[in-house]
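# A look at the structure
Below, each chain spelled out in residue letters.
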Amino acid sequence: MEKLNYGKSLHRQIKERREDRQIRIRNDIHLYGDAVLDSDEMRAAFEQQHHKWSTVGEHTIRVALTSVLICYVLRKLHIKVSIPAVVIGSLCHDLGIIGRSEKYANNRECLIGHPKDSVEIARELVDELPEKTEAIIERHMWPIGPAKRPNSIEGAVVSVADKYASIKDIIL
Ligand SMILES: [Fe+2]
Ligand SMILES: [Fe+2]
């Protein structure tokens, strides 16, 4: 790991590293997720409110940013993790929520139904969507409701990032 330079202000170095990391994360999200980012569904996601203080789109980007950051940490710990699967999984996980008032009779129906609907949308947006990525999306609500627990490290990453982002969407 690159050492800190004590001739330079510590505050400035930390700020520069954070900025570099944000650029790296955003580059990874674009590299693997452009087909999803540049879709009508994602545009619609920014029009739909989600949680208390967010749209589906804003929440989705927060989940993707946090998920990729967790991947970097896991890789530093020599834990193998697929960043493409995490990017696609996080970007698609809640797209099934779009049009919720027409699709679902109530919040419980939405809670139970949107992961499967998100998988359907992901299949349309991504060529040959891997099974692993489908499972990330389908199981992302865990541990809430009847969702099955993640069956991969990538699924665990997205589920945790989703809960973390949701808390930030609800509590200012
Ligand atoms: Fe969700
Ligand atoms: Fe979510």
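Structure's up top.
What comes next concerns the included structure. (Residues numbered from 1 in each chain as written. Chains lettered and ligands numbered in written order. Predicted model: local features only at pLDDT ≥ 70, side-chain atom pairs only at ≥ 80, totals over all residues.)

### Section: the overall build of the protein chain
Scanning the protein chain for helices and strands turns up eight helices and two strands. Reading the protein chain from its N terminus to its C terminus gives the helix and strand order α-α-β-β-α-α-α-α-α-α. Across the 172 residues that make up the protein chain, the buried fraction comes to 36%. For the protein chain, long-range pairs separated by at least 24 residues make up 60% of all intrachain contacts whose partners lie at least 6 apart in sequence. (Helix = DSSP H or I, 4+ residues; strand = E, 2+ residues; numbered from the N terminus. Buried ≥ 20, exposed ≤ 12 C-beta atoms within 10 Å, placed from the backbone. Contact = placed C-beta atoms within 7 Å.)

### So, helix 6 (residues 107-125)
Here helix 6 spans 26 Å end to end across 19 residues, near enough to the 27 Å set by a 1.5 Å rise per residue. If you look at helix 6, its biggest bend is around 45 degrees, right at Gly113, and the proline Pro115 turns up within four residues after that. Taken as a whole, helix 6 has its buried residues at His114, Pro115, Asp117, Ser118, Val119, Ile121, Ala122 and Leu125. (Expected span 1.5 Å × (residues − 1). Bend = angle between axes of the 7 residues up to and from the residue.)

### Thoughts on the environment of Cys71
Along the chain, the position of Cys71 falls in helix 3 (residues 56-76). Residue Cys71 is classed as buried on the basis of its 23 C-beta neighbours within 10 Å. Spatially, the C-alpha atoms of Cys71 and Arg24 are 12 Å apart, while their sequence positions differ by 47 residues. Those residues in contact with Cys71, other than ones at most four positions away along the chain, are Val81, Ile83, Val86 and Val157.

### As for the environment of Asp28
Mapped onto the elements, Asp28 comes out in helix 1 (residues 10-37). Those residues within four positions of Asp28 in sequence are excluded, and the remaining contacts are Val68, Ile83 and Val87.

### Some details on the environment of Thr66
Secondary-structure assignment places Thr66 in helix 3. Distance in space between the C-alpha atoms of Thr66 and Gly33 is 15 Å, their sequence separation being 33 residues.

### Thoughts on helix 7 (residues 131-138)
Since the α-helix packs 3.6 residues into each turn, any two residues three or four apart lie on the same face. Thr133, Glu134, Ile136, Ile137 and Glu138 are the residues of helix 7 that are buried. Elements in contact with the buried residues of helix 7: helix 4 (83-92), helix 6 and helix 8 (153-170).

### Section: the nonpolar core
Inside soluble globular proteins, nonpolar side chains tend to come together where they are buried. The biggest cluster of nonpolar side chains holds 33 residues, and the ones touching the most others in it are Val86, Val87, Ile88 and Cys92. Taken together, the elements giving at least two residues each to this core come down to helix 1, helix 2 (40-45), helix 3, helix 4, helix 6, helix 7 and helix 8. If you tally residues by element for this core, the top one is helix 3, at seven residues. If we ignore the near neighbours within four places in the chain, the residues touching Cys92 are Val36, Ser118, Ile121, Ala122, Leu125 and Ile137. (Core = buried A, V, L, I, M, F, W, Y, C linked by C-beta atoms within 7 Å.)

### Quick look at the packing of helix 4 against helix 8
Between helix 4 and helix 8, the least distance of the axes is 9 Å, while the angle of their chain directions is 40 degrees. Considering the angle they form, helix 4 stands oblique to helix 8. The two elements helix 4 and helix 8 cross, and the hand of that crossing is right-handed. Contact residues: Ala85, Val86, Gly89 and Ser90 in helix 4; Glu154, Val157, Val158 and Ala161 in helix 8. For the contact of helix 4 with helix 8, the per-class residue count stands at five nonpolar, two polar and one charged. (Axes fitted to C-alpha atoms, helices over the stretch in contact; angles between N-to-C directions. Parallel < 35°, antiparallel > 145°, perpendicular 65-115°, else oblique. Left-handed = near helix turned anticlockwise from the far one by under 90°. Nonpolar A, V, L, I, M, F, W, Y, C, P; charged D, E, K, R; others polar.)

### Concerning unusual backbone geometry
A cis amide bond links Trp142 with the next residue in sequence, Pro143, at an omega value of 10 degrees. Looking at the secondary structure, you find Pro143 in the loop between helix 7 and helix 8. One non-glycine residue with positive phi stands out, namely His78, at about 65 degrees. Here His78 lies in the loop between helix 3 and helix 4.

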